[in-house]
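Topology and contacts: notes
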Amino acid sequence: MNPIVLIPARMASTRLPGKPLADIAGRPMIIHVLDRAVAAGVGPVAVATAEREIADVVERAGGTAVLTDPVLPSGSDRIWQALRQLDPQGRHDTVINLQGDLPGVDPGNLHDVLRPLADPGTDIATLVAPVRDQAEAVASSVVKVACTFGPDAQVARALYFSRLPIPWGDGPLWHHIGIYAYRRPALARFVGLPESGLEKREKLEQLRALEAGMTMGCARIATAPFGVDTPADLERARATLGTAA
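Here's a quick rundown of the structure. Just so you know, these numbers come straight off a predicted model, no measurement behind them.

Focus: the overall build of the protein chain
Counting secondary structure elements, the protein chain contains nine helices and 12 strands. Taken over the C-alpha trace, the protein chain has a radius of gyration of 17 Å; the compact-globule value for 245 residues is 18 Å, and the two agree within 12%. In terms of its C-alpha atoms, the protein chain occupies a principal-axis envelope of roughly 50 × 45 × 35 Å. The 245 residues of the protein chain split such that 51% are buried. At a minimum sequence separation of 6, the contacts of the protein chain that also span at least 24 residues come to 67%. Here the protein chain contributes 25 positively and 27 negatively charged side chains, and the mean placements of these two sets differ by 2 Å.

Some details on the packing of aromatic side chains
In total, this model carries three aromatic pairs according to the counting rule given. Centroid distance Y182 to F190: 6.1 Å. Interplanar angle 40°. Geometry classified as tilted. The cationic tip of R220 hangs over the ring face of F149; the distance from NZ or CZ to the ring centre is 5.1 Å.

Thoughts on helix α2 (residues 52-60)
It helps to recall that an α-helix has 3.6 residues per turn; residues three or four apart then point in one direction. By the burial criterion, the buried members of α2 are I54, A55, V57 and V58. One side of α2 holds all its buried residues, which, seen down the axis, span an arc of 160°. G62 sits one or two positions beyond α2 and adopts a positive phi of about 90°.

Side note on helix α3 (residues 75-86)
Between the first and last C-alpha of α3 there are 16 Å, a value that for 12 residues agrees with the 16 Å anticipated at 1.5 Å per step. Along α3, the positions that sit buried rather than exposed are S76, D77, R78, I79, W80, Q81, A82 and L83. Of the surrounding elements, those touching the buried residues of α3 are β1 (3-9), β4 (45-49), β5 (65-67), β6 (94-98), β11 (174-183) and α6 (184-192).

Considering unusual backbone geometry
Put simply, I166 and P167 share a cis peptide bond, and its omega is -10°. Position of P167 relative to the elements: it lies in the loop between β10 (160-162) and β11. Residue K203 is not a glycine yet carries a positive backbone phi of 60°. Positionally, K203 belongs in the loop between α7 (197-202) and α8 (206-211). Given a relative accessible area of 63%, K203 falls into the exposed group.

Quick word on the nonpolar core
In this structure, I7, I96, L98, L110 and I179 are the most contacted members of the largest nonpolar core, which totals 34 residues. No other element matches helix α1 (residues 29-40), which puts six residues into this core. When sequence neighbours within four positions are dropped, the list of residues in contact with I7 reads I30, V33, L34, A37, V45, A46, V47, A48, L98, Q99 and G100. Within the second largest apolar cluster, 31 residues are counted, among which are I4, C147, A156 and C218.

What counts, and where the lines are drawn
- Residues numbered from 1 in each chain as written.
- Predicted model: local features only at pLDDT ≥ 70, side-chain atom pairs only at ≥ 80, totals over all residues.
- Heavy atoms only, no water.
- Helix = DSSP H or I, 4+ residues; strand = E, 2+ residues; numbered from the N terminus.
- Rg over C-alpha atoms; globule rule 2.2 N^0.38 Å.
- Buried < 20%, exposed > 50% of the residue type's maximum accessible area, 1.4 Å probe, protein only.
- Contact = heavy atoms within 4.5 Å.
- Lys, Arg positive; Asp, Glu negative; His and termini not counted.
- Charge placed at Lys NZ, Arg CZ, Asp CG, Glu CD.
- Phe/Tyr/Trp six-rings, centres within 6.5 Å; stacked < 30°, edge-to-face > 60°.
- Lys NZ or Arg CZ within 6 Å of the ring centre and 35° of its normal.
- Arc of directions from axis to C-beta.
- Expected span 1.5 Å × (residues − 1).
- Core = buried A, V, L, I, M, F, W, Y, C linked by side-chain atoms within 4.5 Å.

Shown next, in the form of structure tokens:
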């Protein structure tokens with residue numbers, strides 16, 4: 001595989017407007033994510049954004065930014081457009097989509113997410129971690145995955161995603177982590193598909209791939225990195241990563 005890491009970022013977050021540039025320990029959040037992606041060393045890294053102000057911050061920090069059409073509906077569409085600008089020759093056959101609101105992501109997770117693609121029948125790979133408690137299990141903000149890992153297995157097939165605590169019955173629940181690795185043809189197909197019925201109902205874009213018959217594999221990791229979606233999340237990130245300047 002010859003991966004590239006693309007980080008979609010936009011200012012118009014519903015719950016935390018301007019969050020890519022939110023200050024954490026004296027640095028914008030998007031730069032924390034960028035630095036961790038670069039530290040992973042899996043391939044070149046770029047930020048895909050619709051806003052010049054984000055691109056300016058990234059470029060001042062020495063990173064690569066690609067301006068994309070502001071009307072694109074999702075991060076997946078944004079990284080596909082950025083990929084075609086950065087790599088029109090198709091040298092990169094694997095695309096890692098790293099969310100720009102994961103300032104505490106472990107660089108090793110970008111290696112972990114590639115593991116399911118060792119199976120040539122897998123189109124898209126993602127990450128899961130064990131659900132720790134009942135509060136996490138019932139939180140609609142935590143997406144759960146129906147998948148089963150065999151003894152000592154580190155990779156499993158994703159059968160469904162939901163905001164409910166699935167599957168029913170005794171056994172572990174798995175917290176979905178929004179980091180994806182796409183085979184390039186799979187990403188091209190995915191962004192060309194219409195929004196699906198279950199995607200609309202659960203408000204989960206990845207269900208579009210499953211409804212279209214695409215195969216998704218999950219790599220398990222020990223702990224989910226924390227995401228920043230709300231002001232409370234931002235304060236947690238500041239407390240974890242250092243005091244804001």
